[in-house]
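# Structure assessment
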Amino acid sequence: MTASSASNSTPGTLYVVATPIGNLDDMSARALKILSDVALIAAEDTRHSLRLMQHFGLNTPLAACHEHNERDEGSRFIQRLLAGDDVALISDAGTPLISDPGYHLVRQARAAGVQVVPVPGPCALIAALSAAGLPSDRFIFEGFLPAKTAGRCARLEQVREEPRTLIFYEAPHRILECLQDMEKVFGGERPALLARELTKTFETLKGLPLSELRAFVEADSNQQRGECVVLVAGWTAPLSDEAVSGEVMRVLDLLLAEMPLKRAAAVAAEITGVRKNLLYQVALEKQKA
Ligand code: SAM
């Protein structure tokens with residue numbers, strides 16, 4: 001790694017460095033080393049990052065790289081990289097580019113043949129997902145929803161039947177409206193989780209069906225403060241007669257008229273070869289209906 005070396009013909013490296021989302025102890029040793037070694041740090045908000053730098057005794061020069069100047073200023077950082085200087089990109093909190101600036105700089109750097117190296121660390125969506133107890137093998141990140149109800153509901157409609165776990169960022173002053181709209185679009189039964197103030201003093205992870213989560217947030221204004229991530233379980237097709245064929249359903253119906261539900265499901269499974277658990281669920285649904 002080079003410090004400031006404008007005469008060097010080998011391009012420097014752009015390090016994309018994750019920083020804490022609350023708890024400063026989450027700063028990695030590698031991130032600290034890189035932030036201290038690079039020639040320049042491209043920061044979303046230099047005043048904000050200065051506090052982080054001071055906390056860790058770092059005095060690497062900072063230059064602003066935020067969403068308003070990222071496209072134009074990007075070339076300034078590219079020039080430094082092409083001249084051989086290593087540059088680190090950081091945002092105010094968490095992983096740059098994740099609902100944060102950096103996309104244009106990373107794109108420009110890669111297009112210019114500069115090596116881009118991720119230095120992973122905190123990220124609110126991953127922290128929330130890791131502790132949510134919702135399916136984590138497949139998920140989608142929707143970032144921030146539109147601020148107004150009409151736009152928000154339209155976006156939620158687009159993912160209403162999405163089977164993967166859904167993850168959203170939301171501002172505290174909109175969290176209640178957001179949960180109200182989610183309840184409206186996804187239904188109050190859908191499992192969800194609010195992850196608030198992660199890694200901080202008032203960290204709260206509350207997992208409830210949407211209607212109960214909305215009521216919980218409505219009843220306590222403290223839940224409408226701080227930073228938050230909302231996770232919603234993916235859509236599951238309701239178990240109904242459609243889950244099994246008409247012929248299987250006919251067998252099940254006949255047996256249900258003659259014997260208790262559990263036994264009927266077991267015998268129907270024997271006769272048709274369909275899974276006993278599925279037939280049991282279908283029979284239950286039918287009984288409820
Ligand atoms: N780049 C960041 C990351 O890696 O998570 C996200 C930046 S985005 C501008 C800020 C949003 O991230 C907040 O509005 C909130 O939704 C979420 N967030 C950030 N820190 C959080 C925390 N400590 N607890 C819960 N959510 C957080």
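Just so it is clear, the structure is predicted and the values come from calculations on it, not from any experiment.

Between helix 7 (residues 175–186) and helix 8 (residues 210–219), the least distance of the axes is 9 Å, while the angle of their chain directions is 160 degrees. Classified by the angle between their axes, helix 7 and helix 8 sit roughly antiparallel to one another. The handedness of the crossing between helix 7 and helix 8 is left-handed. The residues of helix 8 that touch helix 7, namely those facing Ile 175, Leu 176, Leu 179, Gln 180, Met 182, Glu 183 and Phe 186, are Leu 210, Ser 211, Leu 213, Arg 214, Val 217 and Glu 218.

Another point: the site of the ligand. In the region of the ligand, 19 residues are neighbours, and Thr 95, Asp 100, Ala 124, Tyr 169 and Cys 228 sit closest. Contact between the ligand and Ile 21: a nitrogen atom at 2.9 Å from a main-chain N or O atom of the residue. Within the contact set of the ligand, a nitrogen atom lies 2.9 Å away from a backbone nitrogen or oxygen of Ile 98. The protein chains hide 91% of the 570 Å² of surface that the ligand would expose on its own. Going through the elements one at a time, strand 7 (165–170) and strand 10 (228–232) are the ones with two or more residues in the shell around the ligand. Of the residues contributing to the shell around the ligand, the split by class is 11 nonpolar, three polar and five charged. When residues of the shell around the ligand are assigned to domains, at least three fall in each of domain 1 (3–122) and domain 2 (125–232).

Taken as a whole and judged by the stated rule, the model has two aromatic pairs. A centroid spacing of 5.8 Å and a plane angle of 65 degrees characterise the contact between Phe 144 and Tyr 169, whose relative ring orientation is edge-to-face. A residue pair is termed long-range when its members are at least 10 positions apart, and Phe 144 in strand 6 (residues 139–144) and Tyr 169 in strand 7 qualify at 25 residues. Note on Phe 144: relative accessible area 43%, which makes it partly exposed. Judged by its relative accessible area of 9%, Tyr 169 falls in the buried class. If you follow Lys 206 out to its NZ or CZ, it ends over the ring of Phe 216, 4.8 Å from the centre.

Time to look at the sheet that holds strand 1 (residues 13–17). Strand order in this open sheet of five strands is 3-2-4-1-5, and the pairing throughout is parallel. The sheet is open, and its two edges are formed by strand 3 (62–64) and strand 5 (115–119), each paired on a single side. The mean angle between the axes of side-by-side strands here comes to 25 degrees, regardless of whether they run parallel or antiparallel. Across the sheet, helix 4 (residues 103–111) touches strand 1, strand 2 (40–43), strand 4 (87–90) and strand 5, and the angle it forms with strand 1 is around 155 degrees.

A few words on the domain arrangement of the chain. Partitioning the chain into domains gives domain 1 (3–122), domain 2 (125–232) and domain 3 (241–288). A C-alpha centroid distance of 60 Å is found between domain 1 and domain 3.

In total, this model carries 16 salt bridges according to the counting rule given. When the shortest N-O distance is used, the salt bridge between Asp 181 and Arg 152 registers 2.6 Å. With a gap of 29 residues between them, Asp 181 in helix 7 and Arg 152 in helix 6 (residues 149–158) connect regions that are remote in the sequence. Considered together, Asp 181 and Arg 152 belong to a single accessibility category, that of buried residues. Across the salt bridge formed by Asp 181 and Lys 184, the nearest N and O atoms sit 3.3 Å from each other. On the criterion of helical spacing, the pair formed by Asp 181 and Lys 184 is a turn pair, its members being three residues apart in helix 7. Each of the salt bridges in this network shares a partner with another, and the network as a whole consists of Arg 152, Glu 177, Asp 181 and Lys 184.

Take the nonpolar core next. A general trend in soluble globular proteins is that nonpolar side chains are found buried together. Ranked by size, the top nonpolar core spans 22 residues in total, and within it Phe 168, Leu 179, Met 182, Phe 186, Val 230 and Val 232 carry the most contacts. Looking at this core, the elements that each hand over two or more residues are helix 6, strand 7, helix 7, strand 8 (191–196), helix 8 and strand 10. Among the elements that line this core, the one with the most residues is helix 7, at seven residues. Dropping the residues within four chain positions of it, Val 232 is found in contact with Leu 134, Thr 165, Leu 166, Phe 168, Met 182, Phe 186, Arg 190, Pro 191, Ala 192 and Leu 210.

Before going further, it helps to examine unusual backbone geometry. Positive phi, normally seen in glycine, also occurs at Leu 97, with a value near 80 degrees. Along the chain, Leu 97 falls in the loop between strand 4 and helix 4. We note that Thr 199 has phi near 70 degrees; this positive angle belongs to a residue other than glycine. Structurally, Thr 199 is set in the loop between strand 8 and strand 9 (204–209).

A few words now on the environment of Glu 183. Here Glu 183 is to be found in helix 7. Along the primary structure Glu 183 and Leu 213 are separated by 30 residues, whereas in three dimensions their C-alpha atoms are 9.3 Å apart. Discounting chain neighbours no more than four positions away, the residues touching Glu 183 are Gly 188, Leu 210, Ser 211 and Arg 214. Engagement of the side chain of Glu 183 in a polar contact is seen with the side chain of Arg 214, the distance being 2.6 Å.

Cut-offs used in this document
- Residues numbered from 1 in each chain as written.
- Predicted model: local features only at pLDDT ≥ 70, side-chain atom pairs only at ≥ 80, totals over all residues.
- Heavy atoms only, no water.
- Axes fitted to C-alpha atoms, helices over the stretch in contact; angles between N-to-C directions.
- Helix = DSSP H or I, 4+ residues; strand = E, 2+ residues; numbered from the N terminus.
- Parallel < 35°, antiparallel > 145°, perpendicular 65-115°, else oblique.
- Left-handed = near helix turned anticlockwise from the far one by under 90°.
- Contact = heavy atoms within 4.5 Å.
- Near = heavy atom within 4 Å.
- Polar contact = N/O pair within 3.5 Å; in protein donor to acceptor, adjacent residues only side chain to side chain.
- Areas by Shrake-Rupley, 256 points an atom, 1.4 Å probe, with all protein chains shown as cover.
- Nonpolar A, V, L, I, M, F, W, Y, C, P; charged D, E, K, R; others polar.
- Domains from an automatic or database assignment.
- Phe/Tyr/Trp six-rings, centres within 6.5 Å; stacked < 30°, edge-to-face > 60°.
- Buried < 20%, exposed > 50% of the residue type's maximum accessible area, 1.4 Å probe, protein only.
- Lys NZ or Arg CZ within 6 Å of the ring centre and 35° of its normal.
- Pairing = 2+ DSSP bridges.
- Salt bridge = Lys/Arg side-chain N within 4 Å of Asp/Glu carboxyl O.
- Core = buried A, V, L, I, M, F, W, Y, C linked by side-chain atoms within 4.5 Å.

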